[in-house]
Amino acid sequence: MPSFKIDTSTAVVFVATAPEPKMVNKKTGERAVDRDNPAVGLSTVGLLVSDEGEGNLYQVTVPETGLPEGLAPGMPVRVVGLKARDWENEFNGQKRHGISFRAVAITTVA
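Residues numbered from 1 in each chain as written. Predicted model: local features only at pLDDT ≥ 70, side-chain atom pairs only at ≥ 80, totals over all residues. Heavy atoms only, no water.

- Going by an unreviewed UniProt entry, the protein chain carries the name Regulatory protein and comes from Streptomyces koelreuteriae.

## Let's talk about the sheet that holds strand β7 (residues 76–80)
For step 1, the next point in the chain: Read across the open sheet, the eight strands follow the order β1-β8-β9-β6-β5-β2-β7-β10; overall the sheet is mixed. The open sheet terminates on both sides in strands that have one partner only, identified here as β1 (3–5) and β10 (105–108). Looking at each pair of strands side by side, their axes are set apart by 40° on average, direction ignored.
For step 2, the next point in the chain: Taken together, the four bridges between β7 and β10 define a ladder with antiparallel strand orientation. Opposite Val 79, over in β10, you have Ile 106 as the bridge partner. (Pairing = 2+ DSSP bridges. Helix = DSSP H or I, 4+ residues; strand = E, 2+ residues; numbered from the N terminus. Axes fitted to C-alpha atoms, helices over the stretch in contact; angles between N-to-C directions.)

Below you can see the structure in the form of structure tokens.
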């Protein structure tokens, strides 16, 4: 499925939830890895993005190599290469769908 770039150049972005490892299977502890570089684990970060008077909370997947140390809730950040992608799957006869968000990196604002 295609992905779409999201322009955050005029937005104010804050960390809402600290990075957590993204899991493929919580029961087995299998962690999600980057498709382009399987040696790099993926993490999920909650970001509050405010632009033009609207604020939204996004759960964004980021490779570990794109995360600075010490990200904590409330920190202002910049998002590099943010993209949205729609998804759909079927599990136990139920169809589910949504939008996933992925970024190349998150950087702190000095």
